[in-house]
Amino acid sequence: MRKILIGFYLFCAMTVDAQSFEWRNLPLGGGGFLTGIVIHPKERDVIYARTDVGGIYRYEPGKRDGGHPNWKQLMQWIPVETAHLWGCDGIALNPQNGREVYALLGSYEYDARPYGLYKSEDRGETWCQVYETRCRGNGNGRWVGEPIAVQPSGRGRVVVVGTRYDGVVRSDDGGQTWIRSAGIAPDPEGWGVRCVVFDPSDPDVVYAVDRTTLWRSVDSGNSFEALWSKEGVELKQAAVTSDGRCFVTTGAGLYCSAAGRQPEPVAGFDMVYDLNAIAIDPQDPLCIAVAGTLGDDGVRNYIFWTSDGGRQWKELTEDAEVKNYVPWYGRRHFAAALASMAIDPFHRGNIWFTDWYLPWRCEDAERENPVWQSVPWGVEELVVFDIVSPPGAPLIYQGCADNGGFTHYELDEYPTVGYDNQESTGIDFCQNRPECLVRVSSLGWGQSNFRLSVSDDAGHTWRDVGGEIGTTGKVAYAADDSDNFIFAPTGPGCKVLYTKDRGKTPMRECRGIPAPGLNMNFWDNWNRHIASDRLVDGRFYVAMPGGFYVSEDGGETFERRWTGVPVAAGCPAFYLTASPYRAGTVWMSTGSEGLFRTEDAGETFEKVGRFAATKCVAVGPAIRDTIPAVYVYGLLDGVWGVYLSQDDGVSWVRINDDRMQLSNAPRQMAADPDRPGRVYIGTGGNGILYGEFRLPHHKERL
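Residues numbered from 1 in each chain as written. Predicted model: local features only at pLDDT ≥ 70, side-chain atom pairs only at ≥ 80, totals over all residues. Heavy atoms only, no water.

Novice: Give a description of the overall build of the chain that names residues and reports values.
Specialist: Looking only at helices and strands, the chain has zero helices and 57 strands in total. In terms of overall dimensions, the chain is globule-like: its C-alpha atoms have a radius of gyration of 27 Å, near the 27 Å expected for 702 residues. Once the C-alpha set of the chain is aligned to its principal axes, its extents read approximately 80 × 50 × 50 Å. For the chain, contacts bridging at least 24 residues in sequence account for 53% of all contacts bridging at least 6. Put simply, the chain shows about 25,000 Å² of open surface, and 48% of that area lies on carbon and sulfur atoms. (Helix = DSSP H or I, 4+ residues; strand = E, 2+ residues; numbered from the N terminus. Rg over C-alpha atoms; globule rule 2.2 N^0.38 Å. Contact = heavy atoms within 4.5 Å. Areas by Shrake-Rupley, 256 points an atom, 1.4 Å probe, with all protein chains shown as cover.)

This is the structure we're talking about:
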């Protein structure tokens, strides 16, 4: 169970800096789209998985905490200024050198430089750019194959890369120089060549697949000729057996080309549509696995297996046993939006795949009833919209995209309390009754099924309140009155609403306050521009450009107390955190205008620190002496990071470093009220991380 502080810390003279803080992920269990997985053909257990917005993971087979393997995140080095590099659009390994990894990095076509092909020569620990090209790691077709291939001969110096916009490029010196391959034209629409694969039986033969055409090269990728296209059929991935047969998955079944001839349909797939993933055993050309794409929302996906080269196929999911080590997952999470597959060359019948949530593994596809297991440990790709840390039992409550929200009770265990599949953009608790929650949620990325819900049992059960709200948004709960909260809807022209009967009757419009003009759409809900005073019941705060508004009557009426609120560029523009230790003290992050504080409930504000920009702020118990600790994610003296002040903002120290940049959209923050020196950070693709001040054992008494 959770440790509660019952003693005190004896470290007034201890130095607090980045070295004294340890950063880890709070376990959730995936939660994002793993778009690819690759396995080295010659070195055991060299496996990498890529994601659309959550970086790249390397498999660590050794038994770690809890006696299980682990996935190591490789992208924490990415600076905030280039956070778009967290999106990976393709990955490949050098078959002749297990230390070399190539990856296409960049989330969207409109990203600012740098972007393109990156190379690592130390198993992903460090990276350098070797070719510039626009990527779409979070764009359409991100699940369709690997567009990078390394020649399986010599030293693996020949690299062929399919791009989104620029056709195919080729290097014959391991990425130092590049030329444009002939034959495949650029694609202005940005789908491009999504799959490239060498023929292991003839390393001069390369296949490339775009949306409509299977291309073939016989000169190591210098030039390509169209081999096959089929009107009205969308092509997906290709894989080549060690005896030279090229299989292609399509929206209309499976096709096979032998010796460069026109592909023919593979029998047995006449009624199977939307095939995508395919994997071939590098050691046995007769062992092949193929799968469809869609499996979400309770629709069972199909995975097919053959061990005789395709004469007979076995379906592997209908009667399969599924072992999922994430407690909140259900059967519908298995093989949902399946993206990629690979077969372990050292274990016959051992199939890996990735989907919308996790990596999965089947250790023996040839069993009568195959067993599939999730391999979740270390994979965290959740997009977090809100986190709050109450006093007492739970560590945090959080709302997120795609997977609803969760109550976390342990630092090293997956949550067992999940709210539902409603995507939660705002959540808050009643300070003096922290088991009482209010949450706002919707479905389909803010498209439907809008709900205000309350819970009396820390999120175990919920009931809908508030009437028809028609949008998502943010919420703030009164300090003591569990019937009183306010709601700031998403969208232009939406006024802040309040209730004093816990939503039994429809919410009412707050008087004296204009529409905030923030959080214009679902994905803008990073702004936390409303808050309650944690010590004064019925007092609420709202920030917007040009005005800071305060209500003393539970949200019925607001008055503008400070007119100097800056108009900051960028998102999030406003992030409010009321101190739970001093009534009327509110810290306000304003984006590009930095950090402000009021100690008189908004009558006056002062700018705090030399921050050129800030994203979020949290207040926690004193680490030393009696002054509350303040944490800010901001830009100070040209360096983005998490900064800590122990003297009310007079001085600041960075508590992360360049190896742990915490750069993946860190836009939510909460300090643990029961553990001095612990702060939680919600990200836009790397889940929730927490930093914890660590003392020598004899200095800490719990």
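Novice: I'd love a proper account of the packing of aromatic side chains, names of residues and values included.
Specialist: Where two aromatic rings form a pair, the distance of their centres and the angle of their planes describe that pair. A complete count under the given rule lists 36 aromatic pairs for this structure. Measuring from centroid to centroid gives 5.5 Å for Trp445 and Trp523, while their planes differ by 65°, and the two rings are edge-to-face. Of this pair, Trp445 sits in the loop between strand 36 (433–443) and strand 37 (448–455) while Trp523 sits in the loop between strand 42 (508–509) and strand 43 (530–532); the two residues are 78 residues apart in sequence, bridging distant segments of the chain. Relative accessible area serves as the criterion here: at 33%, Trp523 is assigned to the partly exposed category. Counting every residue linked through ring pairs, the aromatic cluster contains Phe385, Trp445, Phe522, Trp523 and Trp526. Sitting above the plane of the Tyr165 ring, Arg134 keeps its charged end 3.8 Å from the centroid. Over the aromatic face of Trp462 sits the side chain of Arg439, whose NZ or CZ is 4.5 Å from the ring centroid. (Phe/Tyr/Trp six-rings, centres within 6.5 Å; stacked < 30°, edge-to-face > 60°. Buried < 20%, exposed > 50% of the residue type's maximum accessible area, 1.4 Å probe, protein only. Lys NZ or Arg CZ within 6 Å of the ring centre and 35° of its normal.)

Novice: Can you tell me about the pattern of salt bridges, naming the residues and giving the values?
Specialist: Summed over the entire model, instances satisfying the criterion amount to 45 salt bridges. As a salt-bridge pair, Glu100 and Lys119 come within 3.8 Å of each other at their nearest N and O atoms. With a gap of 19 residues between them, Glu100 in strand 7 (residues 97–105) and Lys119 in strand 8 (residues 116–120) connect regions that are remote in the sequence. Overall, Lys119 belongs to the buried group, its relative accessible area being 6%. The salt bridge involving Asp672 is made with Arg678; its shortest N-O contact spans 2.9 Å. For Arg678, a relative accessible area of 7% translates into the label buried. Each of Glu22, Arg24, Asp672, Arg675, Arg678, Glu692 and Arg694 takes part in a single network of salt bridges with overlapping partners. (Salt bridge = Lys/Arg side-chain N within 4 Å of Asp/Glu carboxyl O.)

Novice: Can you tell me about the side chain of Glu380, naming the residues and giving the values?
Specialist: Tracing the chain through its elements places Glu380 in the loop between strand 30 (371–374) and strand 31 (384–388). Here the side chain of Glu380 touches Gly29 through a polar contact of 3.1 Å, landing on its backbone nitrogen. Residues within four places of Glu380 in sequence aside, it is in contact with Asn25, Leu26, Pro27, Leu28, Gly29, Gly30, Tyr57, Tyr414, Gly685, Asn686 and Gly687. (Polar contact = N/O pair within 3.5 Å; in protein donor to acceptor, adjacent residues only side chain to side chain.)

Novice: Outline the sheet that holds strand 23 (residues 288–292), supporting the account with residue identities and numerical values.
Specialist: Reading across the sheet, the four strands line up as 22-23-24-25 and stay open at both edges, with antiparallel pairing between neighbours. Either end of the sheet is taken by a strand with one partner, and the two such strands are strand 22 (275–280) and strand 25 (314–315). Sheet topology places strand 23 next to strand 24 (residues 303–306); four bridges connect them, and they run antiparallel. The partner of Val290 across the bridge, within strand 24, is Phe304. (Pairing = 2+ DSSP bridges.)

Novice: Please give an account of empty space enclosed by the protein that cites residues and values.
Specialist: Applying the stated criterion across every chain, the model contains two cavities of 30 Å³ or more. Volume-wise, the largest cavity comes out at about 350 Å³. Along the walls of the largest cavity sit 28 residues, with Val388, Arg528, Arg534, Thr577 and Ala578 positioned nearest its centre. If you list the elements that add at least two residues to the lining of the largest cavity, you get strand 31, strand 35 (423–430), strand 39 (473–477), strand 43, strand 47 (575–578), strand 51 (611–620) and strand 55 (668–671). In the lining of the largest cavity, the residues fall into 20 nonpolar, four polar and four charged. Lining the second largest cavity we find Ser579, Arg582, Thr585, Trp587, Val619, Pro628 and Asp648. Tallied by class, residues from the lining of the second largest cavity come to three nonpolar, two polar and two charged. (1 Å grid on protein atoms, 1.4 Å probe; cavity = no way out; pocket = protein on both sides within 12 Å on 5 of 7 lines; lining within 4 Å. Points joined across faces, edges and corners; volume = space filled by probe spheres on them. Nonpolar A, V, L, I, M, F, W, Y, C, P; charged D, E, K, R; others polar.)

Novice: Summarise the pairing of strand 7; cite the residues concerned and give the values.
Specialist: Summarising burial for strand 7: seven of the nine residues are buried, a large majority. Alignment of strand 6 (residues 88–94) against strand 7, held across six bridges, turns out to be antiparallel. When the bridges of strand 7 are listed, Ile91 appears paired with Ala103. The turn linking strand 6 back onto strand 7 is made up of two residues. Both strand 7 and strand 8 contribute to a ladder of five bridges, which runs antiparallel.

Novice: Now, about the nonpolar core: what can you tell me, with residues and values included?
Specialist: In this structure, Trp71, Met341, Ile351, Phe353 and Trp372 are the most contacted members of the largest nonpolar core, which totals 61 residues. Core analysis: the second largest hydrophobic core is formed by 36 residues, Val16, Trp587, Ala629 and Leu662 among them. (Core = buried A, V, L, I, M, F, W, Y, C linked by side-chain atoms within 4.5 Å.)

Novice: Talk me through the side chain of His40; I want residue IDs and the actual numbers.
Specialist: Position of His40 relative to the elements: it lies in the loop between strand 2 (34–39) and strand 3 (47–51). Classification of His40 by relative accessible area gives buried; the value is 0%. There is a polar contact of 2.8 Å between the side chain of His40 and the backbone oxygen of Asn94. Ignoring anything within four residues of it in the chain, the contact list for His40 reads Val46, Leu93, Asn94, Pro95, Gln96, Asn97, Gly98, Pro345 and Phe346.

Novice: Please provide a residue-by-residue account of the environment of Trp23, values included.
Specialist: Following the sequence through the fold, Trp23 ends up in strand 1 (residues 21–25). Between the alpha carbons of Trp23 and Ala291 there is a distance of 37 Å; along the sequence they are 268 residues apart. If we ignore the near neighbours within four places in the chain, the residues touching Trp23 are Val642, Ile655, Asn656, Met660, Leu662, Val679, Ile681, Tyr690 and Gly691.

Novice: Any chance you could break down the sheet that holds strand 31 for me, citing the residues and the numbers?
Specialist: Overall, antiparallel pairing links the four strands, which are arranged 31-32-33-34 in an open sheet. On the outer flanks of this sheet lie strand 31 and strand 34 (417–418), each paired with one strand and no other. Direction of pairing for strand 31 relative to strand 32 (residues 396–400): antiparallel, over a ladder of four bridges. Looking at the pairing, Val384 lines up with Cys400 of strand 32.

Novice: I'd like a rundown of unusual backbone geometry, residues and numbers included.
Specialist: Here the bond from Arg113 into Pro114 is cis, since omega is 5°, no more than 30 degrees from zero. In the Ramachandran plot, Arg123 falls in the positive-phi region, its phi being about 60° despite a non-glycine side chain. Relative to the assigned elements, Arg123 resides in the loop between strand 8 and strand 9 (128–131). According to the relative accessible area criterion, Arg123 is partly exposed, its value standing at 24%. Even without being glycine, Ala335 reaches a positive phi, approximately 60°. Looking at the secondary structure, you find Ala335 in the loop between strand 26 (321–323) and strand 27 (340–343).

Novice: Describe the environment of Val290, listing the residues and the values that go with them.
Specialist: You can see Val290 is positioned in strand 23. When the C-alpha atoms of Val290 and Phe304 are compared, they prove to be 5.3 Å apart, with 14 residues separating the residues in sequence. Once residues lying within four places of it in the same chain are set aside, the contact partners of Val290 are Thr249, Leu254, Phe269, Ala277, Ile278, Tyr302, Ile303, Phe304, Trp313 and Met341.

Novice: Give me the lowdown on the state of the cysteines, citing residues and values where you can.
Specialist: On inspection of all chains with the given rule, the structure shows zero disulfides. Cys88 takes part in no disulfide bond, and the closest cysteine sulfur to it belongs to Cys135, at a distance of 8.4 Å. For Cys510, which is in no disulfide, the shortest distance to another cysteine sulfur is to Cys494 and amounts to 13 Å. (Disulfide = S-S within 2.5 Å.)

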